Amino acid sequence: ERVFSRLFKVAELAQFTPEEAISYEDSLKAYRDNINTFNFAIREATEKGKAEGKAEGEAKGEAKGILKLHLKGFSPAQIADFLDFSVDFVEKVLQDNKKSVI
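Residues numbered from 1 in each chain as written. Predicted model: local features only at pLDDT ≥ 70, side-chain atom pairs only at ≥ 80, totals over all residues. Heavy atoms only, no water.

**Student:** Just to check I follow, could you spell out the packing of aromatic side chains for this structure?
**Tutor:** Each aromatic ring pair is specified by the distance between its two centres and by the angle formed by the two planes. This structure, assessed with the given rule, holds 3 aromatic pairs. Arranged with centres 5.2 Å apart and planes meeting at 80 degrees, the rings of Phe74 and Phe82 form a pair that is edge-to-face. We classify Phe74 as partly exposed; its relative accessible area is 28%. Residue Phe82 is classed as partly exposed on the basis of its relative accessible area, which comes to 49%. (Phe/Tyr/Trp six-rings, centres within 6.5 Å; stacked < 30°, edge-to-face > 60°. Buried < 20%, exposed > 50% of the residue type's maximum accessible area, 1.4 Å probe, protein only.)

Okay, here's the thing in structure tokens:
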């Protein structure tokens, strides 16, 4: 069936005038360009979404680790030393998450 469909299409194209053939080729190129642009946009959006999701997950994991250590009685300086973060970062995470601890 694929062979006959292709043969029919070739026969149909053979009947085009030169102007129609050029118009057909132009519209086919535009169609393919649109499909490629759409597929590229989907890939880019998917990659961006994955990167943002990964960053968000890492941030939540860092905050959770900091909060757990803080609840166990470790100071911000000790937590920063254990996790290799700055003390300012640890204090900011603790401050931002203070409401969720209460």
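Structure shown, so let's carry the discussion forward.
**Student:** Help me out: how do you make sense of the nonpolar core in this one?
**Tutor:** For soluble globular proteins, the rule of thumb is that nonpolar side chains tend to be buried together. One finds Ala63, Ile66, Leu67, Leu69, Ile79, Ala80, Val90, Val93 and Leu94 forming the largest nonpolar core, which totals 9 residues. Residue assignment for this core shows that the elements contributing at least two residues are α2 (18-71), α3 (76-83) and α4 (87-96). Residue contributions to this core peak at 4 residues, all from α2. (Core = buried A, V, L, I, M, F, W, Y, C linked by side-chain atoms within 4.5 Å. Helix = DSSP H or I, 4+ residues; strand = E, 2+ residues; numbered from the N terminus.)

**Student:** Help me understand the pattern of salt bridges in this model?
**Tutor:** Oppositely charged side chains can pair when the atoms bearing their charge come close. Across all of its chains, the model carries 4 salt bridges by this definition. Linking Glu52 and Lys48 is a salt bridge whose minimum nitrogen-to-oxygen distance equals 4.0 Å. Of this pair, Glu52 and Lys48 are both found in helix α2, 4 residues apart, which corresponds to roughly one turn of the helix. In this structure Glu52 comes out as partly exposed when scored by relative accessible area, which is 47%. Owing to a relative accessible area of 53%, Lys48 belongs among the exposed residues under this scheme. Of the charged contacts in the structure, one is a salt bridge between Lys60 and Glu56, with a shortest N-O distance of 3.3 Å. (Salt bridge = Lys/Arg side-chain N within 4 Å of Asp/Glu carboxyl O.)

**Student:** I tried to follow the environment of Lys92 on my own but got confused; where do I start?
**Tutor:** Considering the arrangement of structural elements, one finds Lys92 in helix α4. Lys92 sits 16 residues away from Pro76 along the chain, and the two C-alpha atoms are 9.8 Å apart.

**Student:** Can you walk me through unusual backbone geometry in this structure?
**Tutor:** The phi angle of most residues is negative, glycine excepted, and most peptide bonds adopt the trans form. We note that Asp84 has phi near 60 degrees; this positive angle belongs to a residue other than glycine. Topologically, Asp84 is positioned in the loop between α3 and α4.

**Student:** Where do I start with the packing of α2 against α4 in this structure?
**Tutor:** Between α2 and α4, the shortest axis-to-axis distance is 10 Å and the interhelical angle comes to 85 degrees. Compared by their axis directions, α2 and α4 come out roughly perpendicular. Only Phe89, Val90, Val93 and Leu94 of α4 make contact with α2, whose side of the interface consists of Glu62, Ala63, Ile66, Leu67 and His70. Residues belonging to the contact of α2 with α4 are distributed by class as follows: 7 nonpolar, 1 polar and 1 charged. (Axes fitted to C-alpha atoms, helices over the stretch in contact; angles between N-to-C directions. Parallel < 35°, antiparallel > 145°, perpendicular 65-115°, else oblique. Contact = heavy atoms within 4.5 Å. Nonpolar A, V, L, I, M, F, W, Y, C, P; charged D, E, K, R; others polar.)

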